Amino acid sequence: MQFPAYATLLTDIRDTVLTITVNRPDALNALSSRVIEDLEHCLDAVSDVLTNDDGAWPVRGVIITGAGKAFVAGADIREMTAMSPDDAHAYSSRMHQVTLAIEQLPVPVIAAVNGFALGGGCELAMACDVIYAASTASFGQPEVSLGLVPGFGGSVRLPQYVGPGLARELLFTGRRLDAGEAQRAGLVTALFDTVDDLLDGAHSTLALVARQSPAAVALVKRTLIATLGLPTDEGLAIEAESFRTAFATEDKAEGTRAFLAKEHPSFPGR
Ligand SMILES: CCCCCCCCCCCCC[C@H](O)CC(=O)SCCNC(=O)CCNC(=O)[C@H](O)C(C)(C)COP(=O)(O)OP(=O)(O)OC[C@H]1O[C@@H](n2cnc3c(N)ncnc32)[C@H](O)[C@@H]1OP(=O)(O)O
């Protein structure tokens with residue numbers, strides 16, 4: 001799978017794992033209009049390749065990380081100074097579509113947070129399926145210190161990650177969490193000493209995913225997102241439908257066959 005050269009992103013595919021690196025280190029990878037456009041195009045390209053039904057899965061997992069000492073230090077404050085309220089609403093809506101595009105990718109997306117994940121950076125990480133962090137990472141939603149409020153999903157996703165009480169404290173104070181506090185709060189799933197260990201850890205997790213049924217992994221991601229926050233009975237009804245869907249897949253036939261034959265499955269991917 002080939003990607004065009006993006007002005008603000010680096011892309012690299014290794015062993016079916018696509019790594020997307022936000023690459024504006026001089027501005028701590030701040031989300032400019034150009035970064036947003038590049039993210040939209042890159043995610044569209046991945047989605048186009050993965051939403052066919054030929055069973056080909058050139059990408060089984062995605063890592064999003066940042067170049068230099070930041071993951072993403074938020075929306076570009078320079079660009080926002082001249083932004084009108086209507087433009088701000090339009091960009092917020094565009095960024096919401098970026099988060100939804102990440103959620104709709106049929107493969108797991110790991111945010112490998114290597115440094116500052118603030119404002120839109122923390123929100124980008126929370127749109128991913130799992131957040132891994134290096135000990136150098138920090139998180140926060142400092143929008144109130146700029147006279148702003150979150151515009152990239154933080155008001156919705158932060159309470160889902162850390163609970164309503166801590167989310168309120170973080171959004172009201174704008175204070176940061178270091179990597180350890182972020183892990184204890186449930187925002188970070190795994191903590192690594194160095195950025196190299198962080199990226200290796202994310203690759204290792206996605207290598208384990210790549211050994212599983214692509215169709216089942218895509219289906220369970222879809223189910224997790226569809227049921228998030230629903231009343232239990234409604235969530236269970238969606239799960240039952242997903243269970244039905246799995247039984248119609250070639251992967252289910254292969255997975256159950258291989259187990260009984262005491263073989264490793266060779267999943268068709270559909
Ligand atoms: C017209 C089109 C506009 C499209 C763009 C806007 C899209 C809007 C989309 C909406 C969705 C986003 C909504 C989000 O919820 C809102 C936000 O994210 S608000 C911003 C939140 N982030 C912050 O407040 C962090 C700001 N940065 C800092 O506090 C500090 O930089 C730091 C991270 C603590 C690091 O401090 P230092 O180590 O001292 O480093 P410097 O401060 O010197 O920074 C180095 C260099 O980077 C520049 N920079 C840092 N952060 C940003 C930023 N967010 N935007 C722009 N530039 C940034 C900083 O100015 C320095 O540059 P230099 O002075 O060297 O030129």
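Everything discussed here concerns the structure shown above.
One structure accompanies this document, and this report is about it. Given the structure is predicted, the values throughout are model-derived calculations rather than measurements. (Residues numbered from 1 in each chain as written. Predicted model: local features only at pLDDT ≥ 70, side-chain atom pairs only at ≥ 80, totals over all residues. Heavy atoms only, no water.)

1. A few points about unusual backbone geometry
Okay, step 1: The phi dihedral of T16 is positive, around 65°, even though this residue is not glycine.
Okay, step 2: With respect to the element layout, T16 can be found in the loop between β1 (9-14) and β2 (17-22).
Okay, step 3: On the basis of relative accessible area, T16 is assigned to the partly exposed category, the value being 27%.
Okay, step 4: Unlike most non-glycine residues, N29 shows phi in positive territory, near 60°.
Okay, step 5: Within the secondary structure, N29 sits in the loop between β2 and α1 (33-50).
Okay, step 6: The buried category is assigned to N29, whose relative accessible area is 0%. (Helix = DSSP H or I, 4+ residues; strand = E, 2+ residues; numbered from the N terminus. Buried < 20%, exposed > 50% of the residue type's maximum accessible area, 1.4 Å probe, protein only.)

2. Some points on the layout of surface pockets
Okay, step 1: Roughly 880 Å³ of volume is contained in the largest pocket.
Okay, step 2: Around the largest pocket sit 41 residues that line it, and G74, A75, D76, M80 and L148 are the ones nearest its centre.
Okay, step 3: It is helix α3 (residues 85-104) that contributes the most residues to the lining of the largest pocket, 8 residues altogether.
Okay, step 4: Among the residues making up the lining of the largest pocket, the classes are represented as 22 nonpolar, 12 polar and 7 charged.
Okay, step 5: Surrounding the second largest pocket, 35 residues form its lining, A215, A216, A218, L219 and V220 being those nearest its centre.
Okay, step 6: Elements represented by at least two residues in the lining of the second largest pocket include exactly α3, α9 (214-227), α10 (232-247) and α11 (250-260).
Okay, step 7: For the lining of the second largest pocket, the leading source of residues is α9, giving 10 residues.
Okay, step 8: Summarising the domain contributions, the lining of the second largest pocket has at least three residues from each of domain 1 (9-209) and domain 2 (214-260). (1 Å grid on protein atoms, 1.4 Å probe; cavity = no way out; pocket = protein on both sides within 12 Å on 5 of 7 lines; lining within 4 Å. Points joined across faces, edges and corners; volume = space filled by probe spheres on them. Nonpolar A, V, L, I, M, F, W, Y, C, P; charged D, E, K, R; others polar. Domains from an automatic or database assignment.)

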